[in-house]
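Observations on the model geometry
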Amino acid sequence: MGNTTPPPMAEAQLSRREWLLSDRPTSRTQAKLGRAYVAWRRFAENRLALIGLIIILALVLIAIFADLLAPYSPTIGNLATARLLPPSWEHWLGTDDQGRDILSRLIYGSRLTLYVVVLVAIIAAPIGLLVGTVSGYAGGWVDAVLMRITDIFLAFPKLVLALALVAALGPGIENAVIAIAVTSWPPYARIARAETMQVRNSDYISAVRLMGASPIRIVLRHIMPLCMSSLIVRVTLDMAGIILTAAGLGFLGLGAQPPLPEWGAMIASGRRFILDQWWVAAAPGVAILLVSLGFNLLGDGLRDALDPRSSGQ
């Protein structure tokens, strides 16, 4: 008779999986790890979401190791012999009108892209979360005032409002981040308010209120965590719009200033040669396309993975 006992490694993996998927967790850590494991399994089933995750991880790694990956300087070129060279083995993506290697500028430009995306998310998401949860929980005149302010910001097209703010603050990457963040928080406030209004009269919040918790504690410790999954999904999906807005400001000369290798500014400098030296503008345009696609695919996967309605599927 053959031995049907599973090997120790497989048995350990099976027991670990059963521990994560237990419907009676014995600790908060086990419950959190179990929810994370289930969410990852749902996320991993979406191949497009995995592609998006790979694109974003590649962007992060390229930004971290830009000094090692870039073959040339992103700001110093050779006008004498390397101006507007087509793609070749020496310059994989060609050179620009200043004789600078386009591939090197794209690699270093990934740092600026992540810089803008991360800072906008850090600034805009907490503002929207705070405004939305306070508005939804307090109600009354507080809700009316905060939502009217939100409506004022939503009434303006995001790029137009960002242009006005950057024009007032002055061109520069820091001012562009502030302008984009100011125009990005209202949708997060709307989502947080909707989530808060669904849970503020629930038995869970009523029990916390009866235990003597203050409204500030209820909002910060109990309502905000319930809004995080929806907010994370929306922020991830908005990353593509943030990148396009930053590129638009750079294209108009209001974002990162020369000689910084910002992708929108690179497209602006290459539009003069679009017919004959197409690679100067095409390379940063493709980079913006790929990164925006990656964030959209990742956001779609997170939306499916974090959706509580799909937990039973």
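Report on the accompanying structure. (Residues numbered from 1 in each chain as written. Predicted model: local features only at pLDDT ≥ 70, side-chain atom pairs only at ≥ 80, totals over all residues. Heavy atoms only, no water.)

**Regarding the packing of helix α8 (residues 173-199) against helix α10 (residues 215-251)**
Under the convention used in this document: A fitted line through C-alpha atoms serves as each axis, taken over the contacting stretch for helices, and the angle formed by two N-to-C directions is quoted from 0 to 180°. Only DSSP runs of H or I covering at least 4 residues are called helices, and only runs of E covering at least 2 are called strands; the numbering of each starts at the N terminus. Small angles under 35 degrees read as roughly parallel and large ones over 145 as roughly antiparallel, with 65 to 115 read as roughly perpendicular and the rest as oblique. Note: crossing handedness is left-handed where the near helix turns anticlockwise from the far helix by less than a right angle, and right-handed where it turns clockwise. By the convention used here, residues are in contact when the closest approach between their heavy atoms is within 4.5 Å. Just so you know the grouping, Ala, Val, Leu, Ile, Met, Phe, Trp, Tyr, Cys and Pro go in nonpolar, Asp, Glu, Lys and Arg go in charged, and all remaining residues, Gly too, go in polar.
Put simply, α8 and α10 touch, their axes get as near as 9 Å, and they point 155° apart. The angle between α8 and α10 places the two elements in the roughly antiparallel class. For the element pair α8 and α10, the recorded crossing hand is right-handed. Note on element contacts: α10 touches α8 through Ile223, Leu226, Cys227, Ser230, Leu231, Arg234, Val235, Asp238, Ile242, Thr245, Ala246 and Leu249, opposite Ala176, Ile180, Ser184, Pro187, Tyr188, Ile191, Ala192, Glu195, Thr196 and Val199. Across the contact of α8 with α10, the residue classes break down as 15 nonpolar, four polar and three charged.

**Re helix α7 (residues 158-169)**
Keep this limit in mind: Given the number of residues in a helix, its expected span is that number minus one, multiplied by 1.5 Å. Burial classes follow relative accessibility: with a 1.4 Å probe on protein chains only, a residue under 20% of its type's maximum area counts as buried, one over 50% as exposed, and anything between as partly exposed. Regarding the arc, it is the one traced by the directions from the helix axis to the C-beta atoms.
Helix length check: α7, at 12 residues, gives a terminal C-alpha distance of 16 Å against a target of 16 Å (1.5 Å per residue), a fit within 8%. Taken residue by residue, α7 has Leu161, Ala162 and Val166 as its buried positions. End-on, the buried residues of α7 take up no more than an arc of 130°, which puts them together on one face. Away from its buried face by more than 90 degrees, α7 exposes Ala167 and Ala168. On its buried face, α7 is in contact with α6 (140-155), α8 and α10. Backbone geometry just after α7 places Gly170 at a positive phi near 105°.

**Looking at unusual backbone geometry**
Cis geometry is found at the peptide bond from Pro258 to Pro259, where omega equals 5°. Mapping Pro259 onto the fold places it in the loop between α10 and α11 (263-270). Even without being glycine, Leu84 reaches a positive phi, approximately 55°. Structurally, Leu84 can be placed in the loop between α4 (66-69) and α5 (102-138).

**A short note on the nonpolar core**
Here is the rule we go by: Side-chain atoms within 4.5 Å link the members of a nonpolar core, which is a set of buried Ala, Val, Leu, Ile, Met, Phe, Trp, Tyr and Cys residues.
Counting 62 residues, the largest nonpolar core has Val116, Val120, Trp263 and Phe295 as the members making the most contacts within it. Every element with two or more residues in this core is listed here: α3 (47-64), α5, α7, α8, α9 (203-210), α10, α11 and α12 (279-306). By size, the runner-up hydrophobic cluster in this structure holds five residues, among which are Ala66, Leu103, Ile107 and Tyr108.

**With respect to the packing of α7 against α8**
The geometry of α7 relative to α8 is characterised by a closest axis approach of 9 Å and an angle of 140° between their N-to-C directions. With respect to each other, α7 and α8 are oriented oblique. Of the two possible hands of crossing, α7 and α8 adopt the one that is right-handed. Residue-level inspection shows Lys158, Leu161, Ala162, Leu165, Val166 and Leu169 of α7 in contact with α8, the latter providing Asn175, Ala176, Ile178, Ala179, Val182, Thr183 and Ser184.

**Points about the side chain of Ser104**
Within the secondary structure, Ser104 is located in helix α5. Aside from chain neighbours lying at most four places away, what touches Ser104 is Ala70, Pro71, Tyr72, Ser73 and Pro74.

**Quick look at a positive patch on the surface**
Condition: To count toward a patch, a residue needs a relative accessible area over 30% and no salt bridge; like charges are then connected within 9 Å, while nonpolar side chains (Val, Leu, Ile, Met, Phe, Trp, Tyr) are connected within 5 Å. The method behind every accessible area is Shrake-Rupley, applied with a 1.4 Å probe, and residues are considered shielded solely by the protein chains displayed. Any Lys or Arg side-chain nitrogen located within 4 Å of an Asp or Glu carboxyl oxygen qualifies as a salt bridge. As used throughout, the charge tally considers Lys and Arg to be positive and Asp and Glu to be negative, leaving His and the chain termini uncounted. Every charge is mapped onto a representative atom, which is NZ of Lys, CZ of Arg, CG of Asp or CD of Glu.
Together, Arg28, Lys32, Arg35, Arg217 and Arg221 line one region of the surface with positive charge. The set of elements that each furnish at least two residues to the positive patch consists of α2 (28-44) and α10. Here the element with the most residues in the positive patch is α2; it accounts for three residues. Looking at where Arg221 falls in the secondary structure, it is placed in helix α10. Take Arg221: its relative accessible area is 53%, and that puts it in the exposed class.

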